[in-house]
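Take a look at the letters that make up each chain.
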Amino acid sequence: MVTVRAPASSANLGSGFDVFGLALGRPADVVRVERAERTTIEATGVGSRYVPEDPTENTAGVVAEELGTPARIRIDKGVRPSSGLGSSAASAAAAAVALNECYDCGLTDRELVRVAAEGEAAVSGEAHADNVAPAILGGFTVVTDDDVTQIDASVPLVACLPETVVSTRDARQVIPDSVSRADHVRTVGDAATLTAGMARDDPAVVGRGLRDGAVTESRASLVDGYDAVREAALDAGATGVAISGAGPSVLAVCREDVRRAVAGAMLDAFAEADVDARAYQTAIGKGATVVER
Ligand code: HSE
């Protein structure tokens, strides 16, 4: 029996649509696996009633199939499904690391990112590694078609999760097919700034690079209260704000001394918009970890 904790993650970070991701210190999924004749899934925890227990429809089940490692898989959800915080990726990442350990497969973490991305692909239709990469490797990750670059960083964050749901399909449909040359130049500059900020572990520089006039702007209307929450976070001292993944969570970067105030301001702004929400005061954290074997 092997138990692995894998963290929530936030993809895009404004300027890095489908490329950037980071691991959150919390929340996390905890997945326990044990060898079995065939794969079964049991899910408990936050929003577990929305987690499919058919292994062909569950990212962890697809990971077991990909690895050829049938198992009894028990998922304790800490990351709410459809939160924009990499819920299915956390389960896929934890399952990949746990099964690799349980069956002594000997795969590297980077190979496990590919396997976990297949789990995401089977369930969502597209092989995004922008959540599974940070969920496995930790820190800040840059995912391209054939590579992953990882930077350890520990920038303070607030992830504010409203009690609403945004369909990833809808959130992808509203994105323009092309951007102007001026927007392209601005986005490259912002993405480079954000990466430099991660390398320096500097919330001020990361926050500047979190800007994005193309994707976030087109998605903002899908997240009730987004503009007010963003303004409130910036007024309370956040250095940058973006929609987390496809939403509805909103991610703010800040210095540690203002993190509590930023979280309070975001919750107040959601409440003002009649939206219940909860805030995770956290920081960029580590990747999937074996907690018991
Ligand atoms: N990057 C994806 C999106 C979501 O924003 O649609 C996470 O894979």
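What comes next is a walk through the structure.

Definitions and limits used
- Residues numbered from 1 in each chain as written.
- Predicted model: local features only at pLDDT ≥ 70, side-chain atom pairs only at ≥ 80, totals over all residues.
- Heavy atoms only, no water.
- Helix = DSSP H or I, 4+ residues; strand = E, 2+ residues; numbered from the N terminus.
- Rg over C-alpha atoms; globule rule 2.2 N^0.38 Å.
- Buried < 20%, exposed > 50% of the residue type's maximum accessible area, 1.4 Å probe, protein only.
- Contact = heavy atoms within 4.5 Å.
- Pairing = 2+ DSSP bridges.
- Axes fitted to C-alpha atoms, helices over the stretch in contact; angles between N-to-C directions.
- Disulfide = S-S within 2.5 Å.
- Near = heavy atom within 4 Å.
- Polar contact = N/O pair within 3.5 Å; in protein donor to acceptor, adjacent residues only side chain to side chain.
- Areas by Shrake-Rupley, 256 points an atom, 1.4 Å probe, with all protein chains shown as cover.
- Nonpolar A, V, L, I, M, F, W, Y, C, P; charged D, E, K, R; others polar.
- Domains from an automatic or database assignment.
- Core = buried A, V, L, I, M, F, W, Y, C linked by side-chain atoms within 4.5 Å.
- Salt bridge = Lys/Arg side-chain N within 4 Å of Asp/Glu carboxyl O.
- Phe/Tyr/Trp six-rings, centres within 6.5 Å; stacked < 30°, edge-to-face > 60°.

Topic: the overall build of the chain
Point 1. Across its full length, the chain carries 10 helices and 11 strands.
Point 2. The C-alpha atoms of the chain give a radius of gyration of 18 Å, which matches the 19 Å a tight globule of 293 residues would have.
Point 3. Principal axes of the C-alpha set define a box for the chain whose edges measure 55 × 40 × 35 Å.
Point 4. When each of the 293 residues of the chain is scored for burial, the buried share is 54%.
Point 5. Taking as baseline every contact in the chain between residues at least 6 positions apart, the subset at least 24 positions apart corresponds to 74%.

Some points on the sheet that holds strand β7 (residues 156-162)
Point 1. Taken together, the four strands give an open sheet; going across it, the order is β8-β9-β7-β10, and neighbouring strands pair in antiparallel fashion. Unpaired on one side and paired on the other, β8 (240-243) and β10 (277-283) mark the two borders of the sheet. Strand-to-strand twist in this sheet, taken as the mean axis angle between neighbours without regard to direction, amounts to 20°.
Point 2. Here β7 pairs with β10 via seven bridges, running antiparallel. Paired with L157 across the strands is T282, a residue of β10.
Point 3. Packing against the sheet, helix α9 (residues 226-235) makes contact with β8 and β9 (250-253), and its axis sits at approximately 155° to β8.

Re the state of the cysteines
Point 1. The final tally for this structure, using the stated rule, is zero disulfides.
Point 2. The structure places no disulfide on C102, whose sulfur is separated from the nearest cysteine sulfur, that of C105, by 8.6 Å.
Point 3. Free cysteine C254: the closest other cysteine sulfur is in C160, separated by 12 Å.

A short note on the site of the ligand
Point 1. The ligand sits among A11, N12, F17, D18, H128, D130, N131, R172, R219, G245 and A246.
Point 2. One of the side-chain nitrogen or oxygen atoms of D130 is found 2.7 Å away from a nitrogen atom of the ligand.
Point 3. Within the side chain of R219, one N or O atom sits 2.8 Å away from an oxygen atom of the ligand.
Point 4. Relative to its free-state accessible area of 260 Å², the ligand is covered by the protein chains to the extent of 93%.
Point 5. Class assignment of the residues belonging to the shell around the ligand gives a composition of three nonpolar, four polar and four charged.
Point 6. Of the domains in this structure, domain 1 (2-151 + 285-292) and domain 2 (156-283) are the two that each give at least three residues to the shell around the ligand.

Points about the nonpolar core
Across soluble globular proteins, nonpolar side chains have a tendency to be buried as a group.
Point 1. Core analysis: the largest hydrophobic core is formed by 38 residues, its most contacted members being V33, V63, I73, L99, V113, V132 and I136.
Point 2. Per-element accounting of this core gives the leading share, 10 residues, to helix α2 (residues 87-102).
Point 3. Other than its neighbours up to four places away in sequence, V63 contacts A92, A95, A96, L99, V115, A116 and G119.
Point 4. By size, the runner-up hydrophobic cluster in this structure holds 26 residues, among which are C160, A232, A238 and V250.

Points about the pattern of salt bridges
Point 1. All told, the structure shown has 12 salt bridges when counted by the stated rule.
Point 2. Between E101 and R293 there is a salt bridge; the shortest N-O distance is 3.0 Å. One end of the pair, E101, is in helix α2; the other, R293, is in the segment after β11 (289-292), and 192 residues separate them in sequence.
Point 3. E101 gets classed as partly exposed once you look at its relative accessible area, which sits at 28%.
Point 4. Its relative accessible area of 58% is what places R293 among the exposed residues.

Observations regarding the packing of aromatic side chains
Point 1. Under the criterion given, the structure shown has one aromatic pair.
Point 2. With centroids separated by 5.1 Å and ring planes inclined at 65°, the aromatic side chains of F20 and F140 adopt a geometry described as edge-to-face. One end of the pair, F20, is in strand β2 (residues 20-35); the other, F140, is in strand β5 (residues 140-144), and 120 residues separate them in sequence.
Point 3. We classify F140 as buried; its relative accessible area is 0%.

Side note on the environment of R74
Point 1. By the secondary structure assignment, R74 is in strand β4 (residues 71-77).
Point 2. The sequence separation of R74 and P7 amounts to 67 residues, and the corresponding C-alpha distance is 16 Å.
Point 3. At a separation of 2.7 Å, a polar atom in the side chain of R74 contacts the side chain of E34.

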